Amino acid sequence: MDPRARRSRAALADAVYRLAAERDIESISVTEITAAAGVSRDTFYRHADDPVDLLARSLHEELAGALGVFRELPAGSGSGESVFAAPARVLIGHVRDHAAVYRQAPGGRLSGRLRQVLLDVSADILARHLKRHPGIAPEDIDLEDPAVFAMTVSYAAGGTVAAVEAWLAGGMVLPVDDAVAVMLAAAPRWWLGVAGSGPGSVSGGGAGAGALRPGRTRAPE
């Protein structure tokens, strides 16, 4: 992207963030955004299809860029902290920084398109990790089956985003590190890559930065 296009994109992102923090993106027009950004309508349509698309693209680009350094996580941390702790802090921090935008949807919940941004970025990092380290999964999860792989990753990403959404809807009472700790504590240990974790080592409950084991469970030994 040339410098001029990059400046226009940055101006549009800044404008849509400011406007979407004030009211639901569905009520914001292209004219309002271009006026706030100081660009033409033609320039707007070179970067997005409509205001919702611009907001989603801007958030996705920002979050994916911030999480890009975590695309090659190790299978394990060798310590008591999960390999997903740092990326989870980035995800939570991103939502905190744009809380006003994410909250503008009716009912204060994540709108479908913005929720999909978080789902897509979360699923991408989880899928990359599982492809790089398939040995972390319990043997009864057949990752060579595309449907099983997709369900495992989708369940993990869905649990992550649901936890973030609950944190946001609850007023972000927990500090970022505490929210991350809750998410990781609720995840099964085989996803986490902490010392002493691995296939067959499962913690309880829900899905945070990891996932519940889908359907099948290992028979007691």
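So, a few notes on the structure that sits alongside this text. What you are looking at is a predicted structure, and each value in this text was computed from that prediction instead of being measured. (Residues numbered from 1 in each chain as written. Predicted model: local features only at pLDDT ≥ 70, side-chain atom pairs only at ≥ 80, totals over all residues. Heavy atoms only, no water.)

Now for helix H9 (residues 176–185). Listing the buried residues of H9 in full gives Val176, Ala179, Val180, Met183 and Leu184. Buried residues along H9 cover an arc of 130 degrees about the axis, so they all sit on one side. (Buried < 20%, exposed > 50% of the residue type's maximum accessible area, 1.4 Å probe, protein only. Helix = DSSP H or I, 4+ residues; strand = E, 2+ residues; numbered from the N terminus. Arc of directions from axis to C-beta.)

Taking 1.5 Å per residue as the helical rise, helix H4 (residues 51–67) with its 17 residues ought to reach 24 Å, and the 24 Å between its terminal C-alpha atoms agrees with that figure. Inspection of H4 places Pro51, Val52, Asp53, Leu54, Leu55, Ala56, Ser58, Leu59, Leu63, Ala64 and Leu67 among the buried residues, and these make up the whole buried set. Two to three positions downstream of the cap, the backbone nitrogen of Val52 sits 3.1 Å from a side-chain oxygen, assigning the N-cap of H4 to Asp50. (Expected span 1.5 Å × (residues − 1). Polar contact = N/O pair within 3.5 Å; in protein donor to acceptor, adjacent residues only side chain to side chain.)

The biggest cluster of nonpolar side chains holds 66 residues, and the ones touching the most others in it are Ile33 and Leu55. Residues contacting Ile33, with those up to four places away along its chain left out, are Leu12, Ala15, Val16, Leu19, Ile28, Phe44, Pro51 and Leu54. (Core = buried A, V, L, I, M, F, W, Y, C linked by side-chain atoms within 4.5 Å. Contact = heavy atoms within 4.5 Å.)

This paragraph deals with the pattern of salt bridges. On inspection of all chains with the given rule, the structure shows 10 salt bridges. For Glu32, the salt bridge is made with Arg23, and the minimal N-O distance between the two is 2.7 Å. Since its relative accessible area comes to 28%, Arg23 is described here as partly exposed. Arg96 is paired through a salt bridge with Asp97; the nearest N and O atoms lie 3.1 Å apart. (Salt bridge = Lys/Arg side-chain N within 4 Å of Asp/Glu carboxyl O.)

Okay, the side chain of Thr43 next. Positionally, Thr43 belongs in helix H3 (residues 41–47). A residue is classified by how much of its surface remains accessible, and Thr43, at 10% relative accessible area, is buried. At 3.0 Å, the side chain of Thr43 forms a polar contact with the side chain of Ser40.

On to the environment of Thr31. The residue Thr31 is located in helix H2 (residues 30–37) in this model. Look at Thr31 and you get partly exposed, because its relative accessible area is 47%. Linking Thr31 and Pro51, residues 20 residues apart in sequence, is a C-alpha distance of 9.7 Å. There is a polar contact of 3.1 Å between the side chain of Thr31 and the side chain of Arg41.

Axis separation between H4 and helix H7 (residues 112–132) bottoms out at 9 Å; the angle between their running directions is 25 degrees. Relative to H7, the element H4 lies roughly parallel. The element H4 and its partner H7 pack so that their crossing is right-handed. Here H4 contributes Val52, Asp53, Leu55, Ala56, Leu59, His60, Leu63, Ala64 and Leu67 to the contact with H7, which in turn contributes Arg113, Leu114, Val117, Leu118, Asp120, Val121 and Ile125. For the contact of H4 with H7, the per-class residue count stands at 12 nonpolar, 1 polar and 3 charged. (Axes fitted to C-alpha atoms, helices over the stretch in contact; angles between N-to-C directions. Parallel < 35°, antiparallel > 145°, perpendicular 65-115°, else oblique. Left-handed = near helix turned anticlockwise from the far one by under 90°. Nonpolar A, V, L, I, M, F, W, Y, C, P; charged D, E, K, R; others polar.)

With that settled, the discussion passes to a positive patch on the surface. A surface patch of positive charge is lined by Arg4, Arg6, Arg7 and Arg46. Mapped onto the elements of the fold, Arg7 is located in helix H1 (residues 3–20). Its relative accessible area of 57% is what places Arg7 among the exposed residues. (Patch = residues over 30% accessible without salt bridge, like charges linked within 9 Å, V, L, I, M, F, W, Y side chains within 5 Å. Areas by Shrake-Rupley, 256 points an atom, 1.4 Å probe, with all protein chains shown as cover. Lys, Arg positive; Asp, Glu negative; His and termini not counted. Charge placed at Lys NZ, Arg CZ, Asp CG, Glu CD.)

Following the criterion strictly, the structure yields 3 aromatic pairs and no others. Taking 5.9 Å as the distance between ring centres and 65 degrees as the angle between the ring planes, the aromatic pair formed by Phe84 and Trp191 counts as edge-to-face. Of the two residues, Phe84 sits in the loop between H4 and helix H5 (85–97) while Trp191 sits in helix H10 (residues 189–192), which places them 107 residues apart along the sequence. When sorted by exposure, Phe84 lands in the same class as Trp191, which is buried. A connected cluster of aromatic rings, assembled from ring pairs, spans Phe84, Trp190 and Trp191. (Phe/Tyr/Trp six-rings, centres within 6.5 Å; stacked < 30°, edge-to-face > 60°.)

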